[in-house]
Amino acid sequence: DLIYSLITKNNFKSCLEIGIFTGSTALYIAAAIAPRKGRATSICLDEEDVVIRGQALLKSEGYAEFHRVIRQNGNIALPELFASGEQYDFVFVDGWKTFDHLVFELYLINQMLECGGVVAFDDSHMPSVRKAIKFLKSYYGYEEIEYTDYNQSLRLRLFHCLIYRSIHRPYRALKKTLKTDEQPPFQDMTFHRKV
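Computed from a predicted structure; not experimentally measured. (Residues numbered from 1 in each chain as written. Predicted model: local features only at pLDDT ≥ 70, side-chain atom pairs only at ≥ 80, totals over all residues. Heavy atoms only, no water.)

This model, assessed by the stated rule, comprises 0 disulfides. With no disulfide of its own, Cys44 lies 16 Å from the sulfur of Cys15, the closest cysteine sulfur. Looking at Cys115, it has no disulfide partner, and the nearest cysteine sulfur is the one in Cys15, 17 Å off. Taking the relative accessible area as the measure of exposure, Cys115 reaches 39% and is therefore partly exposed. (Disulfide = S-S within 2.5 Å. Buried < 20%, exposed > 50% of the residue type's maximum accessible area, 1.4 Å probe, protein only.)

Right under this line is the structure:
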C-alpha cells in the first residue's frame, strides 16, 4: 500500500525494483504507473519458475506491457542501466541485503534517481539495511518521508512493532533532496569530515 501511495501521490512513472520473486510488489508498481503509461523494471536472480509466476501475475492483471524483467545480479545490471542513461523517480530495494552489496547498488541508484524521487527499502529492520539508510541520509542528504502522508497510521506502526518484535520499521522510504552533483560526495573528496 505504501508503494502504491508513494507512486500515485507523486505521479511517478519510471520505476525500478531490485528483486521480483512472486511479482506482488511489481504488480503494485505497475498498477500505480499504468494510468500515466509509465514503465517498471525489475532486476532479479530469483529461480526461473518463481519469476515466470510473477510475470504471469502481471499478465493476468493486464499490466505486462508496463513491466520488464532483467535476469541479472544487481551488481551487473545496475552499472549497465546507469551507463545507458536510465533515470528513475522511484526505486524499491528488496534484493541482496549485505551492506557492501547494498552500498554498491545505492551508489548507482542515487545517480539514476531524479531529485525529488524516492527510494524505498524492504526489511529495513535488518542491521545492514539500517546502516545503508544511514549512509544515504548522512552523506547524500536523503530525508525520510512523512509516513502519515501516505496512509501509514500510528496504529499500523504499533502493529508492525508487535509483529516484528522490533522498534525498527519493516520498510522505510527516503526522498532525494539534492541533485547528484550537489551532494557532498560529488563536491569534495573530504566530505566525510563534515558529516
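Right, let's get into the pattern of salt bridges. Under the criterion given, the structure shown has 5 salt bridges. With its nearest N and O atoms 3.2 Å apart, the salt bridge here joins Glu144 to Lys137. Overall, Lys137 belongs to the partly exposed group, its relative accessible area being 35%. Connected through salt bridges with shared partners, the residues Asp94, Lys97 and Asp123 form a single ionic network. (Salt bridge = Lys/Arg side-chain N within 4 Å of Asp/Glu carboxyl O.)

This brings us to the nonpolar core. Ranked by size, the top nonpolar core spans 27 residues in total, and within it Leu78, Val119 and Phe121 carry the most contacts. Those elements that place two or more of their residues in this core are β1 (14–18), α4 (74–83), β4 (88–93), α5 (99–112), β5 (113–122) and α6 (127–140). Among residues more than four places away in sequence, those in contact with Val119 are Val91, Val93, Ile109, Leu113, Leu136, Tyr142, Arg172, Ala173 and Leu174. Grouped together as the second largest cluster of nonpolar side chains are 20 residues, Ile33, Phe66, Phe92 and Ile145 included. (Core = buried A, V, L, I, M, F, W, Y, C linked by side-chain atoms within 4.5 Å. Helix = DSSP H or I, 4+ residues; strand = E, 2+ residues; numbered from the N terminus. Contact = heavy atoms within 4.5 Å.)

Where α4 meets α5, the closest approach of the two axes is 10 Å, and the angle between their N-to-C directions is 15°. Taken together, the axis directions place α4 and α5 in an arrangement best described as roughly parallel. The element α4 and its partner α5 pack so that their crossing is left-handed. Each of Gly74, Asn75, Leu78, Pro79, Leu81 and Phe82 in α4 lies in contact with α5, whose residues at this interface are His101, Phe104, Glu105, Leu108, Ile109, Gln111 and Met112. The class makeup of the residues in the contact of α4 with α5 is 8 nonpolar, 4 polar and 1 charged. (Axes fitted to C-alpha atoms, helices over the stretch in contact; angles between N-to-C directions. Parallel < 35°, antiparallel > 145°, perpendicular 65-115°, else oblique. Left-handed = near helix turned anticlockwise from the far one by under 90°. Nonpolar A, V, L, I, M, F, W, Y, C, P; charged D, E, K, R; others polar.)

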